[in-house]
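# Examination of the molecular architecture
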Amino acid sequence: MASRLWASRAASYLRISTFNRGFASVVKEFKYADSHEWVKVEGNSAVVGITDHAQDHLGDVVYVELPEVGAPVTQGGSFGAVESVKATSDINSPVSGTVVEVNEELSSSPGLVNASPYETGWIIKVEISNAEELKSLMDSEQYSKFCEEEDAKH
């Protein structure tokens, strides 16, 4: 996201117009972190990925760093990274718990994060250790507004 901010500021300084496409999609049933990760809660576990908004700003994803199964994750803590043609960004966990599965398909097909961020482009599955943390995440409406406000600043 920092590279996008820099590019936007550089374009502004140079008086170059930049096109900002309409807001990306969200899934109503998911929860969202302000670092642009989503959570799909399934009982005591959660599927985690990056949002459509995040992948759009990153550009074409060329590599996804995945954690090991069994690794602990904490809410707001980094567990991996996404490398794109534009930048490398940390992936933060929206919930605390233990990684119970990683999307191995991303090792050979990292572009799934771009093509299907909410379905085949998921990144990890976590056994949630503190369900109370879900209350601090945004719903789809709050996240949409958050992204619109964030984009308006740039």
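Remember, it's a predicted structure, so these values are computed and weren't measured experimentally.

What counts, and at which threshold
- Residues numbered from 1 in each chain as written.
- Predicted model: local features only at pLDDT ≥ 70, side-chain atom pairs only at ≥ 80, totals over all residues.
- Heavy atoms only, no water.
- Pairing = 2+ DSSP bridges.
- Helix = DSSP H or I, 4+ residues; strand = E, 2+ residues; numbered from the N terminus.
- Buried < 20%, exposed > 50% of the residue type's maximum accessible area, 1.4 Å probe, protein only.
- Lys, Arg positive; Asp, Glu negative; His and termini not counted.
- Salt bridge = Lys/Arg side-chain N within 4 Å of Asp/Glu carboxyl O.
- Polar contact = N/O pair within 3.5 Å; in protein donor to acceptor, adjacent residues only side chain to side chain.
- Contact = heavy atoms within 4.5 Å.

Next up on the list: the sheet that holds strand β5 (residues 72-73). Spatially, the six strands line up as an open sheet ordered β1-β2-β3-β9-β8-β5, and their pairing is antiparallel. Whereas interior strands pair on both sides, the edge strands pair on one side only; in this sheet they are β1 (31-32) and β5. Bridge count between strand β8 (residues 97-102) and strand β9 (residues 124-128): five bridges; the pairing is antiparallel. Looking at β9, one finds that G97 is bridged to I128.

This part is about the side chain of E37. Relative to the elements of secondary structure, E37 occurs in strand β2 (residues 37-42). For the buried E37, no salt bridge exists, and the shortest N-O distance to an oppositely charged side chain is 15 Å, to K31. Polar contacts involving the side chain of E37 include one to the side chain of S35, which spans 2.3 Å. From its side chain, E37 meets the backbone nitrogen of N92 in a polar contact 3.1 Å long. Those residues in contact with E37 that sit more than four places away from it in its chain are K31, Y32, G49, I50, T51, D90, I91, N92 and P94.

Among all residues save glycine, negative phi is the norm, and among peptide bonds the norm is trans. Despite not being glycine, H36 shows a phi value in the positive range, around 75°. Tracing the chain through its elements places H36 in the loop between β1 and β2.

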